[in-house]
There are 4 protein chains.
Amino acid sequence: MAGSTFGTLFRVTTWGESHGKGIGAVVDGVPAGIPINEEVIQRYLNRRRPGQNAFTTQRKEKDQVEILSGVFEGKTTGTPIALEVRNEDQHSHDYKEIAGYYRPGHADFTFDEKYGFRDYRGGGRSSGRETIGRVAAGAIACEFLKMLGISILTYSREIGGIRAETFEKDQIERNAFRLPDELAAEKVEAYLKEKMAECDSVGGIIECIVSGLPKGLGEPVFDKLDANLAKAMMSIGAVKGFEMGDGFAVARSCGSVNNDAFINKDGQIAKDTNHAGGVLGGMSDGSDLVMRIAVKPTPSIAKTQHTVMQDGTPLDVVIKGRHDPIIVPRAVVVVEAMAALVLTDALLINMSSRADRICEYYKK
Amino acid sequence: MAGSTFGTLFRVTTWGESHGKGIGAVVDGVPAGIPINEEVIQRYLNRRRPGQNAFTTQRKEKDQVEILSGVFEGKTTGTPIALEVRNEDQHSHDYKEIAGYYRPGHADFTFDEKYGFRDYRGGGRSSGRETIGRVAAGAIACEFLKMLGISILTYSREIGGIRAETFEKDQIERNAFRLPDELAAEKVEAYLKEKMAECDSVGGIIECIVSGLPKGLGEPVFDKLDANLAKAMMSIGAVKGFEMGDGFAVARSCGSVNNDAFINKDGQIAKDTNHAGGVLGGMSDGSDLVMRIAVKPTPSIAKTQHTVMQDGTPLDVVIKGRHDPIIVPRAVVVVEAMAALVLTDALLINMSSRADRICEYYKK
Amino acid sequence: MAGSTFGTLFRVTTWGESHGKGIGAVVDGVPAGIPINEEVIQRYLNRRRPGQNAFTTQRKEKDQVEILSGVFEGKTTGTPIALEVRNEDQHSHDYKEIAGYYRPGHADFTFDEKYGFRDYRGGGRSSGRETIGRVAAGAIACEFLKMLGISILTYSREIGGIRAETFEKDQIERNAFRLPDELAAEKVEAYLKEKMAECDSVGGIIECIVSGLPKGLGEPVFDKLDANLAKAMMSIGAVKGFEMGDGFAVARSCGSVNNDAFINKDGQIAKDTNHAGGVLGGMSDGSDLVMRIAVKPTPSIAKTQHTVMQDGTPLDVVIKGRHDPIIVPRAVVVVEAMAALVLTDALLINMSSRADRICEYYKK
Amino acid sequence: MAGSTFGTLFRVTTWGESHGKGIGAVVDGVPAGIPINEEVIQRYLNRRRPGQNAFTTQRKEKDQVEILSGVFEGKTTGTPIALEVRNEDQHSHDYKEIAGYYRPGHADFTFDEKYGFRDYRGGGRSSGRETIGRVAAGAIACEFLKMLGISILTYSREIGGIRAETFEKDQIERNAFRLPDELAAEKVEAYLKEKMAECDSVGGIIECIVSGLPKGLGEPVFDKLDANLAKAMMSIGAVKGFEMGDGFAVARSCGSVNNDAFINKDGQIAKDTNHAGGVLGGMSDGSDLVMRIAVKPTPSIAKTQHTVMQDGTPLDVVIKGRHDPIIVPRAVVVVEAMAALVLTDALLINMSSRADRICEYYKK
């Protein structure tokens with residue numbers, strides 16, 4: 001079935017498998033007049049690209065994007081933008097061995113169950129490479145958000161149980177883990193080396209903060225802004241949890257503490273605190289959006305694991321190949337992209353909420 | 001904008017405000033031939049109805065449902081089912097006072113910002129009464145799931161920081177909190193009385209377990225089963241977090257622990273553990289679905305709070321009216337309904353995944 | 001499946017059968033601030049109501065609409081508007097006889113084939129009464145279009161082969177056939193009496209003209225304005241053809257004749273002719289939209305017809321009951337409603353087409 | 001906005017402009033296990049390719065398709081299929097001249113109005129080349145329909161007022177016009193040469209017949225099978241009218257003639273005639289689907305035409321370049337593709353209509 005499209009007005013459709021000819025996205029509903037070119041999109045892709053340091057897969061691909069439509073003389077034209085990255089480093093021989101058994105923590109088994117067979121050369125659509133399409137599309141959304149003064153800050157909040165205790169924005173892109181805390185980054189490095197020696201992998205938590213958003217974005221009831229963000233984030237492979245504002249901590253709080261008081265701040269109505277994480281009733285309330293995303297340890301590990309063949313025969317396996325011991329730092333870029341897609345769509349949809357403003361729009 | 005519809009093939013549209021004439025839902029795409037009548041749906045609604053014990057709002061409404069279409073001689077006909085509950089106990093005079101200021105933790109402010117004005121008589125669409133439509137629609141989905149041998153078990157996992165330590169299924173409907181642990185229920189009762197005396201409210205965590213699901217439900221990439229469940233749950237007012245399987249705990253786990261080994265169990269391929277919570281690559285894997293939902297403390301409290309008037313004038317307020325000190329036990333029923341809606345839709349969509357089965361279906 | 005919802009941002013869901021408890025619609029995505037009340041909607045419903053003259057069914061129903069949500073103090077609030085008309089004059093005994101056989105020209109057979117059984121009391125969802133929901137929802141859209149200076153004029157162009165040769169706008173609501181030509185109306189009356197004496201029915205053509213539309217509405221490729229109008233009109237029961245501008249006549253024209261020259265009209269770019277019917281490339285071009293809709297003769301006739309029972313036994317039948325010998329005049333109101341739904345949705349969607357205008361919208 | 005996606009479960013997204021890098025489609029929701037490869041798709045594309053005879057544009061492009069994803073070892077895998085045709089023969093210098101003025105009968109003006117500017121190198125998304133994506137996607141749908149024994153026959157019914165009077169299926173692909181009548185083809189050839197000498201173009205009517213369809217496809221009310229077909233066909237550039245069965249002729253018919261009697265044909269319930277064109281109440285009734293589509297004369301003609309510059313300055317123009325004097329024969333292939341897309345989607349959606357069959361499906 002059709003699960004490869006995301007969004008209502010700003011709508012992204014992705015395609016491509018890890019070991020096919022390439023990966024891509026078609027972004028439809030892009031407003032005309034956004035400055036965009038391949039260099040701009042490439043900058044976003046480079047941030048998620050593997051092979052950048054000792055803690056990511058050594059698979060070396062340039063992931064070079066090509067724009068095939070929808071951009072003319074450096075600006076979006078309003079028609080669909082086709083983005084494409086050809087696969088280079090396919091190494092499908094690495095994967096032939098895995099064709100016969102089900103890798104623990106992977107989607108091999110469920111793909112077989114759903115479709116009756118699968119492309120056994122690798123993760124296919126459930127490979128991390130699928131996120132190339134998301135990031136390329138998200139780049140366009142990010143550029144659009146910039147025009148409106150909206151910014152998204154995403155970083156690792158915690159890796160392998162080691163939490164960033166300080167916040168230095170400049171640190172984020174300076175260490176291999178995208179942690180805003182230099183000391184935490186050092187601890188993570190030591191811990192990760194230990195785990196890599198054990199042929200194991202670790203997980204972590206990503207935090208995403210959005211500033212400058214107009215009030216009232218998101219739709220009451222089913223299309224709440226936080227509901228759409230939750231879906232966007234949980235649709236990223238390896239994500240197992242999502243929370244908004246204080247998140248799970250609200251379960252142990254009290255109403256008198258958790259409610260954010262409204263105040264008059266320089267003539268503007270604002271909230272004194274932000275336990276809610278920037279949404280009330282599913283609509284943006286003028287405070288920063290704050291969300292956290294839990295990412296599981298990379299399932300591909302070289303440690304011996306128990307599993308079965310397609311016919312049920314048990315066996316012990318060691319997953320070879322080049323895999324990230326931690327995917328959190330690269331997933332940071334994907335989280336940012338997904339947030340941008342949700343917010344752009346919400347901005348477009350929200351324009352139809354008031355008859356007076358619609359009349360004003362058309363009476364020009 | 002249109003945010004009141006949920007689902008692709010099995011599609012629910014809800015309507016109605018807390019202080020309007022009524023609340024309802026239209027359920028479209030219901031397969032023909034499901035046994036249903038008003039009594040069946042009423043049983044689900046009665047479980048979420050207020051006024052049943054000392055720990056819910058004393059607002060006394062029968063919430064009597066009427067089926068207006070789509071059911072003939074006790075069975076669904078395939079055409080849309082209109083469900084309606086008329087409001088009885090509106091007491092809008094209770095609310096007149098709140099028209100001028102913004103209640104902390106409520107959507108008053110964001111509604112005003114989005115639409116330019118609002119129905120000041122109460123929570124409107126962001127009232128808990130909105131969930132009547134979800135539960136009525138979910139009742140039909142639940143009855144359909146029963147036909148397929150699928151069951152959903154939902155209960156309070158933790159309230160005010162007090163966690164259920166034992167699991168006795170029969171306990172769930174025996175205490176006011178839908179906790180599966182009698183002792184925990186007693187502790188919660190004591191704690192809640194204390195908080196009520198302080199005019200305060202508490203939050204909690206709901207757990208939802210789905211058994212008997214076919215393998216392969218959910219669509220890769222954006223429409224993953226867990227992504228759609230996350231959206232469904234986060235769209236419930238007061239929900240601030242969602243996790244699947246081990247959820248946020250994966251952030252501190254290792255691949256070798258978090259990966260569930262595949263085993264051969266009586267000739268069937270199964271998972272030895274269920275850290276994943278029943279989904280791999282966004283598709284059901286044959287294990288139980290396990291998810292947890294964080295619910296914030298009721299924002300309406302009688303304790304004095306700081307806020308502002310619509311013009312920004314600061315003031316201190318005490319929210320009067322009849323409010324639940326804890327909404328977790330009633331939200332349990334809403335969580336169950338939303339899970340049922342997502343699963344029913346996934347079951348219908350999944351039928352189109354294999355050409356061989358489609359041919360078989362039509363060749364009869 | 002879910003086929004009862006129409007529209008993307010301005011979205012209508014209808015429900016109800018001819019012989020159930022009632023008929024209704026939920027209109028979601030209505031911009032806040034449109035003046036609306038039950039009297040306004042009733043005026044539109046009264047125009048489609050049966051029993052108004054000798055040439056419509058004598059079924060006498062008031063079709064009284066009730067607004068259940070989404071309107072507060074005479075204005076839309078932005079939340080879904082539930083509209084409901086309870087059925088009064090059900091006379092289901094009239095229909096018991098038809099339960100066993102398939103009425104020619106009706107959907108009895110296809111309903112049985114699709115769903116395995118059907119509500120045998122009447123046409124169910126394929127009854128003309130289903131259009132009540134469309135007209136009630138369309139009334140809101142029409143009121144919104146008025147705010148923007150957009151008007152829709154709909155009338156019978158031809159009935160039983162007798163064509164309106166002159167056009168007098170005031171005539172339309174003065175004769176039973178909604179013909180803009182008094183003389184043609186007289187001829188139709190005579191012809192129809194003749195056909196009624198023969199227990200037969202006739203068809204006709206409806207014309208719909210939209211003035212005052214902004215340029216650029218509609219989306220290139222699949223969501224062209226004329227494509228969406230075609231779907232809207234063909235979804236009305238009994239409609240068998242749709243054409244835009246010169247329509248089928250283009251098949252016999254030449255490019256040099258059919259192309260509309262652009263001219264400079266008082267400093268504005270306009271078209272000198274309007275063979276295109278107001279759309280170029282699927283987008284409104286500033287000229288009036290002109291479309292025509294072919295309506296088949298009422299299938300329910302009292303003349304003897306051949307058919308079969310559900311088990312295949314042949315028999316001759318005479319359809320009793322109260323049926324319109326011509327449904328064109330009442331369908332005029334439905335065509336107007338459907339046009340209004342499509343245009344309102346197109347207006348809302350179109351607001352997201354230009355980045356510069358979006359920035360302007362949000363920078364206020 | 002997002003108008004480049006078609007379908008609900010079987011969903012096609014197209015991209016690409018006439019003078020960009022290429023044209024393509026992503027087909028999502030394709031059932032796994034359909035035999036497909038580039039050769040199969042190329043056969044469909046070759047039928048719509050230009051330059052095949054004296055009566056189409058002499059633009060010579062191979063329109064070579066590449067499958068980039070979703071197919072493995074000759075079968076669809078269930079994941080999205082990306083199809084791509086790179087543009088070769090762009091000749092954008094031919095078009096520079098037209099940048100400044102609005103071609104009559106083209107979408108230049110409406111694109112400018114909607115988006116604020118446009119890709120002035122050619123028709124962009126409103127070029128006939130856009131249909132490459134439709135045909136490539138339709139090829140997959142056609143192959144799927146074959147598996148179910150469903151066939152689509154499409155041909156020119158009438159060109160320049162000359163109608164096919166006889167029907168010989170084998171003739172269709174033997175003449176340049178895809179007419180099923182050799183004599184008519186000869187007349188059309190003579191007429192067309194005359195018109196070409198006058199630098200003019202002509203239109204025509206396409207007929208499409210679908211056989212072997214299961215009963216009950218299509219959804220009552222808004223998603224009627226004929227409504228979706230109407231949208232599909234009217235979304236093809238240059239199409240101005242659509243009719244089902246007797247179409248516009250019903251307007252002059254009587255109920256007693258137009259109603260198709262049900263009969264018992266060899267133990268099966270069937271219709272004695274097929275005025276309805278194979279749909280009753282918007283659902284397939286077991287008879288052949290019969291529809292006709294009106295196509296306007298090619299707007300690009302070398303005859304002098306009046307128009308204006310973007311600033312309103314009037315001028316006379318002669319459209320140079322290589323254009324089809326008649327697009328009907330090539331549009332035949334596009335009509336077939338669009339029919340296949342609608343029917344495939346309807347087949348998938350229809351599987352969810354009966355609870356008993358769903359239970360049977362899952363109980364295996």
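Residues numbered from 1 in each chain as written. Chains lettered and ligands numbered in written order. Predicted model: local features only at pLDDT ≥ 70, side-chain atom pairs only at ≥ 80, totals over all residues. Heavy atoms only, no water.

S.K.: Help me out: how do you make sense of the packing of helix H1 (residues 38-48) of chain A against helix H8 (residues 328-350) of chain A in this one?
M.R.: All names here are of chain A. In contact at an axis separation of 7 Å, H1 and H8 are set at 140° when each is read in the N-to-C sense. Of the residues in H8, those in contact with Tyr44, Arg47 and Arg48 of H1 are Arg330, Val333 and Glu336. For the contact of H1 with H8, the per-class residue count stands at 2 nonpolar, no polar and 4 charged. (Axes fitted to C-alpha atoms, helices over the stretch in contact; angles between N-to-C directions. Helix = DSSP H or I, 4+ residues; strand = E, 2+ residues; numbered from the N terminus. Contact = heavy atoms within 4.5 Å. Nonpolar A, V, L, I, M, F, W, Y, C, P; charged D, E, K, R; others polar.)

S.K.: I keep staring at the relation of the copies chain C and chain D and nothing clicks. Help me out?
M.R.: Between the two copies of this chain, the relationship is a rotation about some axis together with a displacement along it. Overlaying chain C with chain D gives an RMSD of 0.0 Å, the required rotation being 180° about an axis along which the chain moves by 0.0 Å. Taken together, the turn and the small shift mark the pair as related by a two-fold rotation axis. (Least-squares fit on C-alpha atoms with pLDDT ≥ 70 in both.)

S.K.: I would appreciate a short explanation of helix H5 (residues 182-197) of chain B in the present structure.
M.R.: Since the α-helix turns once every 3.6 residues, residues separated by three or four places project in the same direction. All names here are of chain B. Taking 1.5 Å per residue, 16 residues should reach 22 Å; H5 reaches 23 Å between its end C-alpha atoms and fits that length. Inspection of H5 places Ala184, Ala185, Val188, Leu192 and Lys195 among the buried residues, and these make up the whole buried set. Buried residues in H5, looked at end-on, bunch into an arc of 95°, giving them a common side. The outward face of H5, more than 90 degrees from its buried face, is lined by the exposed residues Leu183 and Ala197. Considering only its buried residues, H5 is in contact with strand S8 (151-159) and strand S9 (162-163). A distance of 3.0 Å separates the backbone nitrogen of leucine 183 from a side-chain oxygen at the start of H5, and that oxygen is part of aspartate 181. Downstream of H5 by one or two residues, cysteine 199 has phi in the positive range, about 60°. (Expected span 1.5 Å × (residues − 1). Buried < 20%, exposed > 50% of the residue type's maximum accessible area, 1.4 Å probe, protein only. Arc of directions from axis to C-beta. Polar contact = N/O pair within 3.5 Å; in protein donor to acceptor, adjacent residues only side chain to side chain.)

S.K.: Explain the interface of chain C and chain D to me, please; I cannot follow it from the model alone.
M.R.: One widely used convention gives an interface's size as the accessible area the parts lose upon coming together. At the interface, 108 residues of chain C touch 108 residues of chain D. Of the roughly 8400 Å² buried between chain C and chain D on both sides combined, carbon and sulfur atoms contribute 63%. Where chain C meets chain D, there are 6 salt bridges. For the salt bridge of D:Arg252 with C:Glu158, the shortest nitrogen-to-oxygen distance reads 2.8 Å. Counting across the interface, chain C meets chain D through 40 residue pairs in polar contact (both at pLDDT 80 or more). Considering only residue class, the side of chain C that touches chain D consists of 46 nonpolar, 37 polar and 25 charged. Note that strand S11 (residues 239-244) of chain C and strand S11 (residues 239-244) of chain D share 3 bridges and pair antiparallel. (Buried area = accessible area lost by both parts, 1.4 Å probe. Salt bridge = Lys/Arg side-chain N within 4 Å of Asp/Glu carboxyl O. Pairing = 2+ DSSP bridges.)

S.K.: Just to check I follow, could you spell out the relation of the copies chain D and chain B for this structure?
M.R.: The operation relating chain D to chain B is a screw motion whose rotation component is 180°, with 0.0 Å of axial translation and a residual RMSD of 0.0 Å. Most of the interface of chain D is mirrored in chain B, where 100% of its interface residues are also at the interface.

S.K.: Even after reading the chapter, I still don't get the environment of A:Ala346, so can you show me in this structure?
M.R.: If you trace the backbone, A:Ala346 turns up in helix H8. Considered as a pair, A:Ala346 and A:Glu219 are 127 residues apart in the sequence and their alpha carbons are 8.2 Å apart. For A:Ala346, the contacting residues outside a window of four places in its chain are A:Leu217, A:Gly218, A:Leu225 and C:Tyr362.

S.K.: I'm lost on the packing of aromatic side chains in this one. Help?
M.R.: Both the distance between ring centres and the angle between the ring planes are used here to describe each pair of aromatic rings. Scanning all chains against the criterion turns up 34 aromatic pairs over all chains. Summarising the aromatic geometry, the rings of B:Tyr120 and C:Phe72 are spaced 5.1 Å apart at their centres and angled 80° between planes, so their arrangement reads as edge-to-face. Within this pair, whereas B:Tyr120 is found in the loop between helix H3 (108-115) and helix H4 (131-147), its partner C:Phe72 is found in strand S5 (residues 71-72), the two belonging to separate chains. Between C:Phe111 and C:Tyr115 the ring centres are 5.8 Å apart and the planes differ by 35°, which places this aromatic pair in the tilted class. Pair noted here: C:Phe111 and C:Tyr115 are both in helix H3 (residues 108-115), with a separation of 4 residues, about one helical turn. Joined through ring pairs, the aromatic side chains of A:Tyr102, A:Phe109 and B:Phe262 make up one cluster. Across the ring face of C:Phe117, the terminal group of B:Lys75 is positioned such that the distance to the ring centre comes to 4.6 Å. Positioned over the ring face of D:Tyr115 is D:Lys114, at 6.0 Å from the centre of the ring. (Phe/Tyr/Trp six-rings, centres within 6.5 Å; stacked < 30°, edge-to-face > 60°. Lys NZ or Arg CZ within 6 Å of the ring centre and 35° of its normal.)

In short, shape yes, function no, at least from these values alone.
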